[in-house]
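# Examination of the molecular architecture
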Amino acid sequence: MSAQTRPLAVVACRVLQSMLEQLLPPGLTDQVVFLDYGLHRVPGKMTLAVQEALDAIPQASLVVLGYGLCGNGLHGVRAGQHTLLVPRTHDCIALLLGSQQAYMSQFEAVPGTIYLSKGWLESGSHPLKEYQEYAAKYGPQEAEWLLDQQYRNYQRLALVASSQAELEHYRPQALEVARFCERWGYRYEEILGSDDYVRRLIQLAGACARGDSAGDGSPDFLVIPPGGQIDQAQFMR
Amino acid sequence: MSELYQKLATAILEGSSDKVPGLVQKALDQGLTPKDILDHGMVVGMNEVGARFKRGEMFVPEVLMSAEAMQAGLKVLRPHLASSGAKLIGKIVIGTVKGDLHDIGKNLVGMMCEGAGFEVIDLGFNVDPEKFVQAIKEHRPDIVGLSALLTTTMRAMGHTIKAIEEAGLRDQVKIMVGGAPVDAEFAQRIGADGYGSNAPAGAELAKRFVGAA
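Let us look at the structure shown here. (Residues numbered from 1 in each chain as written. Chains lettered and ligands numbered in written order. Predicted model: local features only at pLDDT ≥ 70, side-chain atom pairs only at ≥ 80, totals over all residues. Heavy atoms only, no water.)

## Here we look at the overall build of chain A
Quick note on the threshold: Each helix is a run of H or I in the DSSP string that is no shorter than four residues. Each strand is a run of E no shorter than two, and both are numbered from the N terminus. Values of the radius of gyration come from C-alpha atoms, whereas the globule rule sets the reference at 2.2 Å times the count of residues to the power 0.38. Between buried and exposed lies partly exposed: a residue is buried under 20% and exposed over 50% of the maximum accessible area for its type, with that area taken using a 1.4 Å probe on protein chains only.
What chain A contains, in helices and strands, is nine helices and eight strands. Rg of the C-alpha trace for chain A: 19 Å, near the compact-globule value of 18 Å for 237 residues, within the 12% margin. With the principal axes as the frame, chain A shows a C-alpha extent of 60 × 35 × 30 Å. For chain A, buried positions account for 58% of its 237 residues.

## Quick notes on the interface of chain A and chain B
What counts is decided by this rule: Contact criterion: two residues are considered in contact whenever any of their non-hydrogen atoms come within 4.5 Å of each other. Salt bridges are defined by distance alone: a side-chain nitrogen of Lys or Arg within 4 Å of a carboxyl oxygen of Asp or Glu. Pairs of N or O atoms within 3.5 Å make up the polar contacts considered here, provided that, within protein, one atom can donate a hydrogen while the other can accept it, and that residues adjacent in sequence are counted only when both atoms are side-chain atoms.
Tallying the contact residues gives 26 residues for chain A and 27 residues for chain B. Scanning the region where chain A abuts chain B turns up one salt bridge. Between K137(A) and E62(B) there is a salt bridge, with the nearest N and O atoms lying 3.5 Å from each other. Taken together, the links from chain A to chain B amount to 10 residue pairs in polar contact (both at pLDDT 80 or more).

## Quick word on the packing of aromatic side chains
Residues and elements named next belong to chain A. As a reminder, the rule being used: Centres within 6.5 Å make a pair out of two Phe, Tyr or Trp rings, where for Trp the six-membered ring is used; the pair is then stacked when the planes are under 30 degrees apart, edge-to-face when over 60, and tilted otherwise. As a reminder, the over-ring test applies to NZ of lysine and CZ of arginine, requiring each to be within 6 Å of the ring centre and within 35 degrees of the ring normal.
Throughout the structure, instances matching the rule amount to 11 aromatic pairs over all chains. Where Y103 meets Y115, the ring centres are 6.4 Å apart and the plane angle is 80°; that geometry is what we call edge-to-face. Here the residue Y103 occupies a position in helix α4 (residues 100-109), and Y115 occupies one in strand β5 (residues 113-116), the gap between them amounting to 12 residues. Here Y103 falls in the buried class, since its relative accessible area comes to 5%. Under the relative-accessibility criterion, Y115 is labelled buried at 11%. Every member of this aromatic cluster is reached through a ring pair, and the members are Y131, Y151, Y154, F180, W184 and Y186. Across from the ring centre of Y131, 6.0 Å away, lies the NZ or CZ of R183, which sits over that ring. Over the ring of W184 we find R183; its NZ or CZ atom is 5.8 Å from the centre of that ring.

## Digging into the side chain of T89(A)
Assignment of secondary structure puts T89(A) in the loop between β4 (83-87) and α3 (92-97). The residues touching T89(A), leaving out its near neighbours within four places in the chain, are G68(A), L69(A), A94(A), Q100(A), Y103(A), Y197(A) and F235(A).

## Topic: the environment of D100(B)
All names here are of chain B. Looking at the element boundaries, D100 is found in the loop between β1 (90-96) and α5 (104-116). Here D100 falls in the buried class, since its relative accessible area comes to 0%. On a C-alpha basis, the gap between D100 and V127 in space is 8.1 Å, while along the polypeptide they are 27 residues apart. Among the polar contacts listed, one links the side chain of D100 to the backbone nitrogen of L150, at a separation of 3.2 Å.

## Re the sheet that holds strand β8 (residues 221-224) of chain A
Residue and element names in this part refer to chain A. Operational definition: By this definition, two strands are paired if DSSP reports at least two bridges between them. For every element, the axis is a line fit to its C-alpha atoms; helices are fit only across the contacting stretch, and the angle between N-to-C directions ranges from 0 to 180 degrees.
One open sheet holds the five strands; their spatial order is β2-β1-β3-β4-β8, and the pairing between them is mixed. Each end of this open sheet is capped by a strand with a single partner; those strands are β2 (31-35) and β8. Across this sheet, the average inter-strand angle for adjacent strands is 15°, counted without regard to direction. Inspection of the sheet shows strand β1 (residues 8-13) paired to β2 by five bridges, in the parallel sense. Bridge pairing in β2 places V10 opposite V32.

Printed below as a string of structure tokens:
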């Protein structure tokens, strides 16, 4: 251990919890906080929630943010006393697929894709869950209209998992959502993603915390030094 | 009178599609002008919807219901706006940019602009820059409105403005941009003429562009 060793903390979205927990070496992090999946829908609130979580970490740490830019949810977040390590991508889909390149090629092929994953199915939301919530609140007819307004333009529902076993495990749930989405003519696909991006994030975090790396060599990650601030423009490649 | 405006604004805010047409009719029966009913009642309600949505106090379903209530009110008001001699104040081409499938915000802007007296030509979503160029040539609008929801697609706004420039049409139109990830600084950076923070603000900006605000 070098003298530069810093405490390591994680602030991440709940949809990435299982992936991160599988990959985080036991005992490496002093503090792990998972925040609600829906924050990106109100970017101003997400900025505040992430800031609050960062400010609550008492000692100067290397903080891994398990987020992308998320609709500007990270825009304006201040590092304060910490150093922030952030995947340089728009949202969690690149983290689920394994790389920014994989995300962009999927995006260009079918921009209108709703992605499902272990995290999204278990801790997040999807059209069927939203329908059930709306129907309970507003009645089925109104719920159908609301869902139509939000989802009629998409073309594809894609289940992403980082292993074949995980795809198979979540297939029945995903197919249930897919059947619901048939009303809009979505096609259902399964994509074998990868945990490479998150694995690299955690490796880099370990190296940075040990002082073995400044972490700034890769275009796939952003390092925000103490006193710095996250800006939307930093995510544009 | 002002109480009726207040009731109308509240009914819009609460998304009461069933109440709004009756309130609009009542206001007309009392001799209020269609323009005043719109500006002092309905638009006030939509402004509040926009502000609450931004603060996270209202969510997409509630916004959609308010929009529906607004639409129901406009349906009653429209024939009166036309017959009261209110002329079309300008023409606007709107669309959600290439790669982006989200059209709720764009539709809201279209509705607010139509309410304000614009002829609205809606190109839909996932619109190629070339399609915007073609629409400018064909319809000769005063304004082009570009919408995007995603940070992934907001750069397509810049590409669209560039395509309009390259076609030699930039000086013929005002360009306004809007959508969740967009701000005034971004609008300026990509060479837009203005930015609307929500749908009523977009319509207000459009009115300023044609000197009608």
